[in-house]
Amino acid sequence: MIQNIRGTKDILPDQIGQWHSLERIFNEVTTLYGYKELRTPIFEKTEVFSRSIGDNTDIVNKEMYTFIDKGGESVTLRPEMTAALVRSVIQNSLTQEVSALRLWYFGPFFRYERPQKGRLRQFHQFGAECIRSPYPESDVEIILLANQLIRKAGISDYQLNINTLGNDSSRTLYKDELTKYLTSNKEQLSEDSKFRLETNPLRVLDSKSENDKLVIESAPSILDFLDDESRNHFDVVKSMLDDAKVPYKIDPKLVRGLDYYCHTVFEFKSGALGAQDAFGGGGRYDGLFSQLGGKLTPAVGFAMGVERLLLIIENSAPEQVIKQSDCDVFIVCMNENLLKDAFKISEMLRSNGYSTFCDLHRRSMKAQMRETNKLNAKHCIIIGEDEIKRNAVTIKNMITSKQVEIKIDLLHTISFS
RNA sequence: GCGGCUGUAGCUCAGCAGGUAGAGUGCCAGAUUGUGGCUCUGGUUGUCGCGGGUUCGAGCCCCGUCAGUCGCCCCA
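Residues numbered from 1 in each chain as written. Chains lettered and ligands numbered in written order. Predicted model: local features only at pLDDT ≥ 70, side-chain atom pairs only at ≥ 80, totals over all residues. Heavy atoms only, no water.

A. How the structure looks around the sheet that holds strand 10 (residues 278–284). In spatial order, the strands read 1-5-6-11-10-9-7-8; together these eight strands make up an open sheet with mixed pairing. Lying at the two open borders of the sheet, with one neighbouring strand each, are strand 1 (36–37) and strand 8 (249–250). As paired strands, strand 10 and strand 11 (residues 299–305) are joined by five bridges and run antiparallel to one another. What sits directly across from G283, in strand 11, is G301. (Pairing = 2+ DSSP bridges. Helix = DSSP H or I, 4+ residues; strand = E, 2+ residues; numbered from the N terminus.)

Listed below in structure tokens is the structure:
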């Protein structure tokens with residue numbers, strides 16, 4: 001048997017309803033906030049990602065699906081959207097005509113990782129980006145949008161963590177201090193963290209190793225290294241979230257994995273997910289546009305893992321899905337000679353807006369009645385020789401079991417809902 | 001890339017000192033002539049993940065491999 005590729009999933013007919021309803025929520029909420037959808041190709045020149053995400057992140061080092069195409073060009077299946085979106089915004093000069101460019105996206109992404117709960121090689125993200133404002137109110141707008149979306153998706157048990165990475169100078173100052181501290185305690189750190197200390201010391205902060213945690217506990221905090229600008233930015237974010245009554249927790253150890261973040265960073269967490277407890281996250285990335293060859297353009301955004309969202313929904317409301325009827329009217333056809341009439345009638349009903357099926361197995365009446373019941377149809381129409389002679393059919397209400405004969409000419413006047 | 005656990009009918013699972021598979025569910029049909037849901041009866045389904053090895057004989061033991069799952073790394 002040929003199987004799907006490791007870490008990929010079929011979305012089966014039974015599950016598609018969940019996806020559609022989430023997609024509807026994405027559409028509704030983004031419209032309310034004035035965001036427009038942007039779709040980009042699912043692959044890009046490799047440098048789009050390697051120049052933006054960070055050369056020493058795992059995403060770039062070992063997780064990208066990269067290959068050389070027949071023209072000799074290195075291309076990569078997108079591992080995330082922000083870099084691709086920024087590329088498109090620069091290329092199409094989208095910032096030219098608006099003061100604030102508000103964009104959202106939804107689609108598949110690819111990372112070559114070991115699959116586990118809430119982690120796939122092809123997964124889906126929803127995200128939104130607010131481009132051109134350097135001010136904290138745009139950070140808040142993005143967080144509010146994300147929060148609204150989570151609530152509309154029916155999730156109530158989650159936590160919002162926020163932190164700031166400060167501006168460049170604050171962060172540089174802090175990084176130096178942190179590096180000094182960690183270096184002096186280097187012997188107590190795990191091998192992983194010793195390596196991180198060389199490549200990206202900030203990421204030592206979210207190590208899961210118990211030993212590391214002891215060291216980290218008394219490490220210097222970014223919050224003590226903020227200059228006025230950075231502090232003010234963060235204060236506004238906090239007070240606006242308070243005003244909006246969005247609960248959050250400040251986590252000075254929250255560091256996002258991608259190199260391009262500055263100032264506000266945040267993460268949505270849920271207990272329903274196991275080891276990968278974050279189902280959404282984002283932050284400000286003022287430097288990314290210039291890194292990708294555009295003009296200096298401040299921006300902030302977030303992304304959400306749709307499969308993780310679905311895991312939480314399943315977990316919190318397992319019986320929430322109500323079985324809906326697949327069919328309004330099932331056509332029970334007594335014999336093959338009447339199939340022509342059955343098809344004519346079903347087409348008429350469909351053009352009146354009713355979902356209608358005929359049996360495709362030439363089965364007995366009893367079998368067709370069973371089928372009607374299984375499909376949860378409220379009505380069936382029985383087409384038999386006797387009725388047809390009178391230019392009529394029988395309508396049976398499956399709930400009350402009552403049935404009436406009606407002239408075919410009048411069928412279009414009947415309501416089946 | 002690393003580690004633990006798992007892999008038997010469409011689905012959920014049983015199978016045990018190693019002797020070439022079973023239950024429930026589903027599906028199909030029937031319980032008198034053109035009528036569903038409940039009930040009853042009968043039927044149906046498997047390269048026991050794949051490949052190799054040990055053995056007279058393996059779903060059960062060994063090795064490899066693939067996949068799933070949980071965790072590490074990292075992230076959504």
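Structure shown, so let's carry the discussion forward.
B. The protein's contact with RNA strand B, seen in detail. Taken together, the neighbourhood of RNA strand B is formed by 49 residues, with R111, R119, R196, G257 and S401 sitting nearest. Counting only atoms of RNA strand B within 4 Å of the protein, the sugar-phosphate share comes to 54%. Separating a base nitrogen of RNA strand B from a backbone N or O atom of M398 is a distance of 2.6 Å. Among the elements of the structure, helix 3 (58–63), strand 6 (122–131), helix 7 (191–199), strand 10, helix 13 (365–374) and helix 14 (385–389) are those that each provide at least two residues to the surface near RNA strand B. (Near = heavy atom within 4 Å. Polar contact = N/O pair within 3.5 Å; in protein donor to acceptor, adjacent residues only side chain to side chain.)

C. The domain arrangement of chain A, seen in detail. As assigned here, chain A comprises domain 1 (13–167 + 227–316) and domain 2 (329–413). Averaged C-alpha coordinates put domain 1 and domain 2 at centres separated by 51 Å. (Domains from an automatic or database assignment.)

D. Spotlight on the pattern of salt bridges. In this structure the tally under the stated criterion is 21 salt bridges. Salt-bridge contacts for K269 lead to E267; the nearest nitrogen and oxygen are separated by 3.9 Å. Note on K269: relative accessible area 22%, which makes it partly exposed. Between E371 and R363 there is a salt bridge, and its shortest N-O distance comes to 3.1 Å. Taking relative accessible area as the criterion, E371 reaches 18% and is therefore assigned buried. One network of salt bridges, in which partners are shared, links R256, E267, K269 and D277. (Salt bridge = Lys/Arg side-chain N within 4 Å of Asp/Glu carboxyl O. Buried < 20%, exposed > 50% of the residue type's maximum accessible area, 1.4 Å probe, protein only.)

E. Expanded view of the packing of aromatic side chains. Scanning the entire structure with this criterion turns up 16 aromatic pairs. The interplanar angle of 35° and the centroid separation of 6.2 Å between the aromatic rings of F109 and F123 together place this pair among those described as tilted. With a gap of 14 residues between them, F109 in strand 5 (residues 101–110) and F123 in strand 6 connect regions that are remote in the sequence. On the numbers, 5.4 Å between centres and 85° between planes, the contact of Y354 with F416 is edge-to-face. One end of the pair, Y354, is in the loop between helix 12 (339–351) and strand 13 (356–358); the other, F416, is in the segment after strand 16 (403–407), with 62 residues separating them in the sequence. The two residues Y354 and F416 agree in class, both being buried. (Phe/Tyr/Trp six-rings, centres within 6.5 Å; stacked < 30°, edge-to-face > 60°.)

F. Looking closely at the state of the cysteines. A full pass over the atoms with the stated rule returns zero disulfides. Unpaired in this structure, C262 has its nearest cysteine sulfur neighbour in C130, at a distance of 14 Å. The exposure class of C262 is buried, given its relative accessible area of 6%. Of the cysteine sulfurs around C327, a residue in no disulfide, the closest is that of C358, at 9.3 Å. (Disulfide = S-S within 2.5 Å.)

G. Quick peek at helix 11 (residues 306–316). Along helix 11, the residues classified as buried are V306, E307, R308, L309, L310, I312 and I313. Those residues of helix 11 that are buried lie in contact with helix 1 (13–32), strand 5, strand 6, strand 10 and strand 11. (Contact = heavy atoms within 4.5 Å.)

H. The side chain of S270, seen in detail. Position of S270 among the secondary structure elements: in the loop between strand 9 (262–269) and strand 10. In terms of polar contacts, S270 uses its side chain to reach the backbone amide nitrogen of A272, at 3.0 Å. Beyond its immediate sequence surroundings of up to four residues, S270 is in contact with D157, D277, F279 and I312.

I. Spotlight on helix 8 (residues 210–217). Where helix 8 is concerned, the buried positions are D212, V215 and I216. One side of helix 8 holds all its buried residues, which, seen down the axis, span an arc of 100°. Relative to its buried face, helix 8 has exposed residues pointing more than 90 degrees away, namely E210, L214 and E217. Residues of helix 8 that are buried in the fold lie against helix 6 (168–184) and helix 7. (Arc of directions from axis to C-beta.)

J. Structural view of the environment of E37. Summarising the element assignment, E37 is placed in strand 1. Here R39 takes part through its side chain, which lies 2.9 Å from a polar atom of the side chain of E37.

K. Quick peek at the environment of P79. Inspection of the secondary structure puts P79 in the loop between strand 4 (74–77) and helix 4 (82–91). The exposure class assigned to P79 is buried, which follows from its relative accessible area of 0%. A C-alpha to C-alpha distance of 50 Å links P79 and R363, two positions 284 residues apart in sequence.

L. Summary view of the sheet that holds strand 14 (residues 379–383). In spatial order, the strands read 13-12-14-15-16; together these five strands make up an open sheet with mixed pairing. Of all strands in the sheet, those with a lone pairing partner are strand 13 and strand 16, marking the two edges. Neighbour-to-neighbour, the strand axes of the sheet open up by a mean angle of 25°, direction not taken into account. Where strand 12 (residues 329–333) and strand 13 come together, three bridges link them in parallel fashion. Bridging across to strand 13, F330 finds its partner in F357. Its contacts with the sheet put helix 13 on strand 12, strand 14 and strand 15 (392–397), and the angle it makes with strand 12 is roughly 175°. (Axes fitted to C-alpha atoms, helices over the stretch in contact; angles between N-to-C directions.)

M. Molecular detail of the nonpolar core. Residues L22, F268, F279 and F302 are the most contacted members of the largest nonpolar core, which totals 39 residues. Put simply, the parts of the chain that give this core at least two residues each are helix 1, strand 6, helix 5 (136–152), strand 7 (159–164), helix 9 (228–243), strand 9, strand 11 and helix 11. When residues of this core are assigned to their parent elements, the largest contribution, seven residues, is made by helix 5. Beyond its immediate sequence surroundings of up to four residues, F302 is in contact with Y105, F126, G127, A128, E129, I142, L145, A146, F266, G281 and G282. Residues M64, F109, V265 and A299 belong to the second largest nonpolar core, which totals 31 residues. (Core = buried A, V, L, I, M, F, W, Y, C linked by side-chain atoms within 4.5 Å.)

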